[in-house]
Amino acid sequence: MEAADGFVMQASLPEYQVLWLSRLLPEGRRPTATSIQVRPAALSACILRQSAFREDGGAALALVVSAHEIHVAGYKGGDIVLWRTCRGLGGWGRIRTALKQGLGLDDEMIAGVLEDTLIDPRPVLEPAVAPIIDELAVSRDYLLGKLGIEMKSALVLGLPAGVKYWNAISEERARLPLVEPAAFDGLARSDKVFVGEGAALDGAAANGFLGALGAALALTGEEASA
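The model shown is predicted, which means the values in this text are computed figures rather than measured ones.

## Details of the pattern of salt bridges
A pair can form between side chains of opposite charge whenever their charged atoms are brought close.
For step 1, the next point in the chain: According to the stated counting rule, one finds five salt bridges in the structure shown.
For step 2, the next point in the chain: The shortest N-O distance in the salt bridge between Glu126 and Arg122 comes to 3.5 Å. Taken together, the residues Glu126 and Arg122, both in helix α6 (residues 122–147) and four residues apart, mark about one turn of the helix.
For step 3, the next point in the chain: One salt bridge connects Asp134 with Arg173, and the closest N-O pair in it is separated by 2.7 Å. In this pair, Asp134 is assigned in helix α6 and Arg173 in helix α7 (residues 163–174), connecting sequence segments 39 residues apart.
For step 4, the next point in the chain: When its relative accessible area of 30% is taken as the criterion, Asp134 is described as partly exposed.
For step 5, the next point in the chain: What makes Arg173 partly exposed here is its relative accessible area of 45%.
For step 6, the next point in the chain: Connected through shared salt-bridge partners, Arg122, Glu126 and Glu172 make up one network.

## A look at the confidence of the model for the protein
For step 1, the next point in the chain: Confidence along the protein averages 79 in pLDDT terms, with 76% of residues attaining 70 or more.
For step 2, the next point in the chain: Between the elements of the protein, mean pLDDT differs from a low of 46, seen in strand β6 (residues 193–194), to a high of 95, seen in α7.
For step 3, the next point in the chain: Across residues 193–200 the pLDDT falls below 50, and counting only partners more than four positions away or on other chains, this stretch makes eight contacts in the model.

## Things to note about unusual backbone geometry
For step 1, the next point in the chain: Even without glycine at this site, Arg175 takes up a positive phi of about 55 degrees.
For step 2, the next point in the chain: Turning to its location among the elements, Arg175 is positioned in the loop between α7 and β5 (178–179).
For step 3, the next point in the chain: You can call Arg175 exposed: its relative accessible area is 74%.

## Observations regarding α7
For step 1, the next point in the chain: Relative to the 16 Å expected for 12 residues at 1.5 Å per residue, α7 spans 15 Å between its end C-alpha atoms, a close match to the ideal helical length.
For step 2, the next point in the chain: Those residues of α7 that fall on the buried side of the exposure criterion are Val163, Tyr165, Trp166, Asn167, Ile169, Ser170 and Ala174.
For step 3, the next point in the chain: In this structure, the buried side of α7 is in contact with β1 (60–65), α4 (92–103), α5 (107–115), α6, β4 (154–157) and β5.
For step 4, the next point in the chain: Taken from the residues just after α7, Arg175 is the one with a positive phi, measuring 55 degrees.

## Observations concerning the environment of Ala128
For step 1, the next point in the chain: Mapping Ala128 onto the fold places it in helix α6.
For step 2, the next point in the chain: According to the relative accessible area criterion, Ala128 is buried, its value standing at 6%.
For step 3, the next point in the chain: A C-alpha to C-alpha distance of 9.8 Å links Ala128 and Trp92, two positions 36 residues apart in sequence.
For step 4, the next point in the chain: Contact partners of Ala128, with chain neighbours within four places excluded, come to Arg94 and Ile95.

## Quick word on α6
For step 1, the next point in the chain: Maximal helix bending in α6 amounts to about 40 degrees, located at Val129; proline Pro131 follows within four positions.
For step 2, the next point in the chain: Those residues of α6 not exposed but buried are Arg122, Leu125, Ala128, Val129, Ala130, Ile132, Ile133, Leu136, Ala137, Ser139, Arg140 and Leu143.
For step 3, the next point in the chain: Phi turns positive one or two residues past the end of α6, at Gly148, with a value near 70 degrees.

## Here we look at the packing of aromatic side chains
For step 1, the next point in the chain: The full count for this structure, using the stated rule, is one aromatic pair.
For step 2, the next point in the chain: With centroids separated by 5.4 Å and ring planes inclined at 80 degrees, the aromatic side chains of Phe53 and Tyr75 adopt a geometry described as edge-to-face. You can see Phe53 sitting in helix α3 (residues 51–55) and its partner Tyr75 sitting in strand β2 (residues 70–76), a full 22 residues away along the chain. Tyr75 matches Phe53 in its accessibility class, with the two residues each being buried.

## Some remarks on the packing of α6 against α7
The description of two packed helices rests on the angle between their axes and on the distance between the axes.
For step 1, the next point in the chain: In the contact formed by α6 and α7, the axes pass within 9 Å of each other and the chain directions differ by 55 degrees. In terms of their interaxial angle, α6 and α7 are classed as oblique. Considering only the axes of α6 and α7, their crossing is right-handed. Residues Arg122, Leu125, Glu126, Val129, Ala130, Ile132, Ile133, Asp134, Ala137 and Arg140 of α6 pack against Tyr165, Trp166, Ala168, Ile169, Ser170, Glu172, Arg173 and Ala174 of α7.
For step 2, the next point in the chain: Within the contact of α6 with α7, the residues separate by chemical class into 11 nonpolar, one polar and six charged.

## Notes on the packing of α4 against α6
For step 1, the next point in the chain: The N-to-C vectors of α4 and α6 enclose an angle of 160 degrees; their axes lie 8 Å apart at closest approach. For the element pair α4 / α6, the angle class is roughly antiparallel. As for the relative orientation of α4 and α6, their crossing is right-handed in sense. On α6, the residues that touch Arg94, Ile95, Ala98, Leu99, Gly102 and Leu103 of α4 are Val124, Leu125, Ala128, Val129 and Ile132.

Calculation notes
- Residues numbered from 1 in each chain as written.
- Predicted model: local features only at pLDDT ≥ 70, side-chain atom pairs only at ≥ 80, totals over all residues.
- Heavy atoms only, no water.
- Salt bridge = Lys/Arg side-chain N within 4 Å of Asp/Glu carboxyl O.
- Helix = DSSP H or I, 4+ residues; strand = E, 2+ residues; numbered from the N terminus.
- Buried < 20%, exposed > 50% of the residue type's maximum accessible area, 1.4 Å probe, protein only.
- pLDDT = per-residue confidence, 0-100.
- Contact = heavy atoms within 4.5 Å.
- Expected span 1.5 Å × (residues − 1).
- Bend = angle between axes of the 7 residues up to and from the residue.
- Phe/Tyr/Trp six-rings, centres within 6.5 Å; stacked < 30°, edge-to-face > 60°.
- Axes fitted to C-alpha atoms, helices over the stretch in contact; angles between N-to-C directions.
- Parallel < 35°, antiparallel > 145°, perpendicular 65-115°, else oblique.
- Left-handed = near helix turned anticlockwise from the far one by under 90°.
- Nonpolar A, V, L, I, M, F, W, Y, C, P; charged D, E, K, R; others polar.

Below you can see the structure in the form of structure tokens.
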């Protein structure tokens, strides 16, 4: 992936692994493999059609949350210029475990608590989220100091619940508001995307498809530029 001033970020898979993956979905019958990408590279493309991203001329700071990893991405002119994996911080799964232990909740209750105001989860949530916000703030400062990109907010994708609490922590700790766009914002589609019979792919349910979405957008972008 090329960015401004000759900056290049590369990602690859061993040839034997690509061949093995391609044979799982062989040509000649559907579905078949059109593009094989490493997940972080695919995730980096998941915001390319976001309205906020395009309105800002392709400049963005994004926090991409998954079950096992947290990534921070920076963009300039539509190209990725920063990709940080917050190593040692785990992902949403580690934070969920902390909430379960600290609040004495089960998995089914966590989402409800994070979307409600009856219980304040911040005493348990903040120690887990604060290091992530610090990584985000460092990335914001890098984009400004090294590349002259001033970001006054950050997009957050893949977070299953609790954005308002993450946002409060981020504003207090880094003066950086977090904005959660709809995963499929900017794409022409029907009112809802359906997966199977009667299962709507909207809201938090769409977060599980960020990798597939990014892979598809990256592929269509390459085809358009070819």
